[in-house]
Amino acid sequence: MSRDPHGARALSIACVGGGPGGLLSAILLKAADPDRAITVYERNARDDTFGFGVVFSQETLDNLESSEPVVFARIAAEFRNWSAIDVEVDGFRERSDGHAFAALGRRRMLHILAERAIELGVDVRFSTTAPALSNLTSSVDLVIAADGVNSGIRTELSDDFGPTLDRRTSKYAWFGTKHRFDCFTFLFVETEFGQFWAHIYPFDDTTSTFIVEAAEDTWKRAGLDQFAAAPRLPGQNDEASLAFCERIFSQHLGEDGLIGNNSGWLSFNVLRNAHWGSGNVVLIGDAAHTAHFSIGSGTKLALEDAIALAAAIDGSDDIEAATAMYETERRPAVESIQRSAQTSLEWFEGAHRYRGLSPQQFVFQLLTRSQRVTYDKLKMRDPGFVARMDDWLAGTLVDRGIHVEAGTPPMFFPYQLRGLRLENRIVVSPMAQYSSVDGLPGEWHLVHLGSRAVGGAGLVMTEMVGVSPDGRITPGCPGIWNDEQEIGWERIVDFVHSNSVAKIGLQIGHSGRKGSTKLMWDGVDEPLPDGGWSIMGPSAIPYRPDSGVPREMTQDDINRVVRDHVTSAERGARAGFDLLELHFAHGYLVSSFLTPLANTREDQYGGSLHNRARLAVDILRAVRAVWPAELPISVRISATDWVSGGFDGDDAVELAGMLSEAGADIIDVSTGQTSTHARPKYGRLYQTPFSDRIRQETGIPTMAVGGIASVDDANTIIMSGRADLCVVARPHLVDPYWTLNASLDQGYRMPHFPVQYRSGRSARRRVQLP
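Residues numbered from 1 in each chain as written. Predicted model: local features only at pLDDT ≥ 70, side-chain atom pairs only at ≥ 80, totals over all residues. Heavy atoms only, no water.

A. Region of interest: the packing of helix α2 (residues 58-67) against helix α12 (residues 298-314). The geometry of α2 relative to α12 is characterised by a closest axis approach of 10 Å and an angle of 30° between their N-to-C directions. Between α2 and α12, the crossing angle belongs to the class labelled roughly parallel. When you trace α2 past α12, the crossing you get is left-handed. Residues Glu 59, Thr 60, Asn 63, Leu 64 and Ser 67 of α2 pack against Lys 300, Leu 303, Glu 304 and Ile 307 of α12. Residue composition of the contact of α2 with α12, by class: 3 nonpolar, 3 polar and 3 charged. (Axes fitted to C-alpha atoms, helices over the stretch in contact; angles between N-to-C directions. Helix = DSSP H or I, 4+ residues; strand = E, 2+ residues; numbered from the N terminus. Parallel < 35°, antiparallel > 145°, perpendicular 65-115°, else oblique. Left-handed = near helix turned anticlockwise from the far one by under 90°. Contact = heavy atoms within 4.5 Å. Nonpolar A, V, L, I, M, F, W, Y, C, P; charged D, E, K, R; others polar.)

B. Structural detail: the pattern of salt bridges. For the coordinates displayed, the defined rule picks out 46 salt bridges. Asp 603 is the salt-bridge partner of Arg 601, the closest N and O atoms lying 2.8 Å from each other. Classification of Arg 601 by relative accessible area gives buried; the value is 8%. Here Asp 603 falls in the partly exposed class, since its relative accessible area comes to 33%. The salt bridge partner of Asp 668 is Arg 636, with a shortest N-O separation of 2.9 Å. Taken together, the residues Asp 668 in strand β26 (residues 666-670) and Arg 636 in strand β25 (residues 633-638) connect sequence positions 32 residues apart. Judged by its relative accessible area of 1%, Asp 668 is buried. A network of salt bridges, in which partner residues are shared, links Glu 59, Lys 300, Glu 304, Asp 305 and Arg 330. (Salt bridge = Lys/Arg side-chain N within 4 Å of Asp/Glu carboxyl O. Buried < 20%, exposed > 50% of the residue type's maximum accessible area, 1.4 Å probe, protein only.)

C. Structural detail: the pairing of strand β6 (residues 92-96). Here 5 bridges tie strand β5 (residues 85-89) to β6, and the two strands are oriented antiparallel to one another. When the sheet's bridge partners are listed, Val 87 is paired in β6 with Glu 94. (Pairing = 2+ DSSP bridges.)

If you want it as structure tokens, here you go:
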């Protein structure tokens with residue numbers, strides 16, 4: 001139905017669900033037009049609220065104050081405010097201050113919202129089940145489905161909404177406690193069964209929310225699955241689990257113990273919907289989407305949904321157009337929160353892997369886990385905390401004979417790998433230039449690599465250099481299979497060494513089934529129409545439907561590829577390169593062997609991961625035997641295909657172990673580009689979690705690459721230990737002096753600033769840091 005804002009019949013609206021989102025929607029829509037007939041159906045009694053406290057972000061409070069100042073004032077009058085986060089692990093306790101938090105009891109918040117709705121004339125019906133959806137949609141203009149993660153309306157219209165539910169593995173239980181916690185607190189305790197942790201925050205002067213969480217296998221070892229399986233009446237607590245949690249956290253609870261409120265073990269469900277509207281029905285809050293409680297986002301999302309929905313309804317004459325406008329406006333913000341919440345959720349699911357970190361770095365990892373909190377933000381909020389972290393990181397280098405001046409940003413800490421010392425942690429990523437003729441590096445490569453070396457990066461990497469003519473991706477790709485090419489690379493290496501303190505690495509590889517294609521600007525991955533060469537791969541499976549079909553490699557082909565890598569490595573060593581990287585990623589030859597999507601062989605090179613990794617290991621061992629012992633070897637891998645049934649994160653961890661045993665010193669962790677069916681989860685730092693996991697679970701140094709665009713990102717990655725080196729790609733394409741500029745941005749005087757450019761040290765910074 002539609003309405004005329006200048007005099008037509010006022011809207012009739014039904015809100016199904018009397019939680020924060022449903023009530024605030026009703027309040028805002030009624031306040032905007034008192035003639036609207038609005039009914040809220042809440043199946044629970046007024047005082048049946050489950051849960052304990054809710055936390056508000058400043059952004060949500062600002063939005064609430066501007067849209068509904070009466071509710072804001074009443075809630076703000078009862079806030080419990082604090083600014084610190086405490087973390088305790090292994091008896092080590094650290095505090096990071098300067099964070100703005102406000103919390104309130106969930107029951108009290110709902111009372112305030114309900115009182116305001118009733119004041120405005122909203123018909124709020126507690127202990128009332130909503131009428132059948134078919135009756136609602138035919139009798140009112142708008143149905144707001146605010147009926148939670150188990151939404152009956154969403155289920156009834158699932159074909160329209162397209163919900164997906166990702167049931168996560170960790171187990172958690174909500175409790176409260178009268179023990180006084182004065183700020184947000186994370187407690188990690190080791191038990192005979194494994195690690196448990198608690199998320200704690202105060203919400204009034206006497207009570208705190210106390211959420212206990214554990215990995216599923218730990219939970220089962222403790223026998224808690226038996227308690228969870230026991231039948232409970234509605235509203236009844238799992239008393240045995242409550243007692244268990246009191247016992248393991250007794251040192252922190254004292255005599256106060258835990259309080260239950262329908263408390264039992266749960267698994268978090270991440271909900272997403274393809275669409276939020278269907279006819280005159282619209283989803284909000286947990287009915288539309290969920291985000292893990294570790295970033296306190298459920299109530300935030302519901303309230304901001306309500307604000308956006310009300311604004312859209314008030315701004316349109318058409319209900320369906322209004323709900324579409326609401327979704328268009330809200331979806332990007334919601335998906336951003338969901339990405340951060342997913343990263344945080346997965347951090348806690350893998351919390352066990354961080355047990356090998358020092359407690360200081362563990363704390364920093366925890367605080368920056370969602371990627372929304374960073375080194376710079378922490379420094380702005382609590383300079384003392386970050387100074388302690390800087391001192392700790394500098395102290396880790398003392399035993400290696402490396403002294404770091406106070407105030408040095410983490411990205412400018414030196415790094416040692418075998419006999420190679422890098423002056424900082426920034427790497428210019430291998431980036432294809434497609435500017436060679438007959439595989440020869442030319443003037444473009446000299447300027448491209450030379451300028452970025454002068455620009456301050458610790459390590460500059462070549463693009464993938466073909467080990468043979470048929471190993472090139474395109475006719476414009478360089479090689480190192482003959483003397484002339486070797487001499488060309490030697491000239492570039494000499495320039496880098498003579499004019500900078502940067503080191504230079506050679507990346508070598510074979511294109512495999514992705515070879516014999518056009519230059520990037522003529523058509524990415526499109527096969528050459530003429531003048532191409534024969535391509536090969538593990539199996540006769542083309543990369544794209546229009547790609548050439550590779551011939552399945554014979555043992556002679558495999559042996560030749562190994563020899564070609566060895567010869568190229570020898571040439572690279574003679575040319576003076578400081579580091580060698582083997583390109584085993586992005587769907588090129590070795591990468592194709594690694595993924596079951598391209599490798600269907602039934603011999604010793606196919607089947608199990610061990611077999612599929614055989615070529616990678618054989619090449620690495622052969623190359624390690626000829627590469628100088630004092631110089632390191634890196635291997636770039638795609639840590640996931642981003643395709644169900646393909647190479648995944650578990651495989652990447654196992655592969656990294658094999659590569660380390662075969663002689664790899666560091667793993668350059670990329671992802672994807674192995675299949676046209678890939679669905680990457682792009683976003684800022686989207687590949688860094690794969691680097692983090694490999695580094696923590698294997699102890700092998702890693703490079704992080706992908707979506708690293710800022711100085712702050714680099715400092716955060718290094719301080720948290722998510723990688724040892726940061727590989728920066730596209731920013732270097734537009735700013736060869738990215739690292740020098742980063743030093744200016746941070747007020748840091750690089751000790752090896754080019755003498756020719758020293759007068760530029762006083763140049764105005766591009767950004768003004770707090």
